[in-house]
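Working through the structure, step by step
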Amino acid sequence: MKILVYAEVRNGKLKSTAAEMLTEARKLTNNNTENIHAVLLGEGCSAHAQTLAAYGAGKVFVVETPETNTYQCEPHIQTISQLVQNNGYTLVLGPASPTGRDFFPRLAVRHKAGMLTDVVSVKNDSGKIVARRPIYAGKCIAEVCSQTALTFVTVRPNVIPSEIFNSSASAATEKFTPNFNASAFKSKIADVRKGKSEKPDLTEASLIISGGRAMGNADNFKILHDLADIVGATVGASRAAVDSGYAPHDMQVGQTGKTVNPNLYMAFGISGSIQHLAGMRTSKVIVAINTDPDAPIFQKADYGIVADLFQAVPLFKDELKKITDA
Amino acid sequence: MKILVLVKHVPDTETKVRLAGGGQALDESEFKYMVNPYDEFAIEEAVRTQEKNGGESVVVSMGPARVQEAMRKAMAMGIDRGVWINTEGHTQELDSFCVATALAKVIGEEKPDVVFLGQKAIDDDAAHIGPMVAELCSLPHVQVVIKAEWQNGGQSARVEREVEGGMVEVYDVTTPVILGAHKSLNEPRFPPLPGIMKAKKKPLAEKKITEVLTDSALVTTRSYSLPAEKSAGKVFKGEPLPDMVKKVVGLLRSEAKVI
């Protein structure tokens, strides 16, 4: 099996998914890193080649054409398509991030190849790529099998623990200049506006602090942001809080929002509807604070406190501060 | 302007998933269906685009007879007519590639200026159809659209797409184009009563899946399983709150080791 890993770079930073995918690729090739290649796109991206080598990339293609500086679907697709044609990969891995999910399905169709999206594990079953992927926002897991010789897979962030392979491995880098067919560039990026927060997205966050309808209004979310700042957590919200206008939709966790899987998920004033639980049930540890002892969230929580969130938040702030100050 | 909207009928968000046949299938007997929530934003945007630029709007859905309910709802919201791809009696697995080929065939026949759809369906969570149909039709696509401003009488648009951390990518696109609607694109209207009455009489054409399916599945589903249930955790109540918070933070550190 010969694998290409698309290592995503956003704002000059290498996403942690690259290390996760390389760890999975090593498992699939029994650590035969010669058969694991990675590709970096955008001017200045070569700075990350060493990291990729440390996680097991035997070769790193560096694509520094200006068309790939800011993500645009078609230049990314054409670049990876040409690498696939030149090198005969059987598996192409990418992150199930907004970028990966935007162009991988299109790339797979261009090669008439199986597309397995947002998977939590991949295996080689007698030459066929088989993966497990959550559906219904995680209420169910489907085992899916690609029927083609070449398969494209996007991997859910934060699920596969990344492991360094050889921290002193030096990257075999190769500059690659794709041959673009610019007539296919039918959409043009005009601008990228930064988000309000520098914190990781909910889908990639390892710590999440969420608020529900009990937050009462948008201003009250400030106390969650303050608490989150102490430990570097990202703030989320339930659908009830978003629908009530207390938080923007990009903060929504659940079946019609984001599916998250942090190490720690703290739910303040969230009762735990089926659609919310579906979106956060794979969190490694769940803490719930709610005034209602019968709230369904307590059945999913590792630790719960029956209390008013407005009294609990300042106390959590004090306790967590003690730890971070220590 | 010719506007097409793709709508999927999905089990509602309160659905509990149960397995059938030892995990070979899902037990659909108690499923209640709804219009895929993201498709409601697509329908609303299609209707608003038609209100602004004139023209005609068409809803396309695929599935068994029940999906006509979703199509009638779209028509009640203002869509002019429907094309139903009937899958009744079709037993072969339809993966997203198959579905995309069938939809692409209908799009090829209808030749719309813009195709709206929800950025993903909440059942399979794949978000494949927009990019896949766009590729099959050689059209540009923008996914997770939170704003679309039409220019030049509907010949081009400035489109905003939400990415991670609240970041927004802004694209300039020309028609024909495929746009995947996200939640904050608009506020879908409730179908007005006269709209519901009118919708019953709007034309709904039927195509058999075999007429439009051009390929077989590239991906098959082997089995389904349910995620492991967590065992009940520790819930504290009735003690002084500072003590309870201290205990939980202590456990997060010593037992769960997450902070």
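Residues numbered from 1 in each chain as written. Chains lettered and ligands numbered in written order. Predicted model: local features only at pLDDT ≥ 70, side-chain atom pairs only at ≥ 80, totals over all residues.

This part takes up the nonpolar core. Soluble, globular proteins show a tendency: their nonpolar side chains are buried together. In this structure, Val5, Leu22, Leu40 and Leu52 of chain A together with Val5, Leu103 and Val133 of chain B are the most contacted members of the largest nonpolar core, which totals 182 residues. The leading source of residues in this core is helix H3 (residues 96–110) of chain B, at nine residues. Setting aside residues no more than four positions away along its own chain, Leu22 of chain A makes contact with Val5, Ile36, Ala38, Leu52, Tyr55, Gly56 and Ala57 of chain A. (Core = buried A, V, L, I, M, F, W, Y, C linked by C-beta atoms within 7 Å. Buried ≥ 20, exposed ≤ 12 C-beta atoms within 10 Å, placed from the backbone. Helix = DSSP H or I, 4+ residues; strand = E, 2+ residues; numbered from the N terminus. Contact = placed C-beta atoms within 7 Å.)

Before going further, it helps to spend a moment on unusual backbone geometry. Following Thr175 of chain B, the chain continues into Pro176 of chain B via a peptide bond in cis, with omega recorded as -5°. Following the sequence through the fold, Pro176 of chain B ends up in the loop between strand E11 (168–174) and strand E12 (177–181). One non-glycine residue, Lys112 of chain A, adopts positive backbone phi at about 45°. Within the fold, Lys112 of chain A resides in the loop between helix H4 (98–110) and strand E7 (114–119). Note on Lys112 of chain A: 11 C-beta atoms within 10 Å, which makes it exposed. The phi torsion at Ser126 of chain A lies on the positive side, around 50°, for a residue other than glycine. Note on placement: Ser126 of chain A falls in the loop between strand E8 (121–125) and strand E9 (128–135).

Moving on, we get to the interface of chain A and chain B. Across the boundary between the two partners, chain A contributes 77 residues, which contact 69 residues of chain B. Its residues assigned to classes, the side of chain A that touches chain B comprises 36 nonpolar, 19 polar and 22 charged. Bridge analysis of strand E13 (residues 187–193) of chain A against E11 of chain B gives six bridges, and the strand direction is antiparallel. Paired with Lys188 of chain A across the strands is Asp172 of chain B, a residue of E11 of chain B. (Nonpolar A, V, L, I, M, F, W, Y, C, P; charged D, E, K, R; others polar. Pairing = 2+ DSSP bridges.)

This next bit is on the sheet that holds E11 of chain B. Spatially, the ten strands line up as an open sheet ordered E13(A)-E11(B)-E10(B)-E9(B)-E12(B)-E8(B)-E1(B)-E6(B)-E7(B)-E13(B), and their pairing is mixed. The open sheet is flanked by E13 of chain A together with strand E13 (204–208) of chain B, the only strands paired with a single partner. Mean inter-strand twist for the sheet, computed between neighbouring axes without regard to direction, equals 30°. The strands that helix H2 (residues 67–77) of chain B touches are strand E1 (2–7), strand E6 (56–63), strand E7 (81–86) and E13 of chain B; relative to E6 of chain B, the one it contacts most, it runs at about 165°. (Axes fitted to C-alpha atoms, helices over the stretch in contact; angles between N-to-C directions.)

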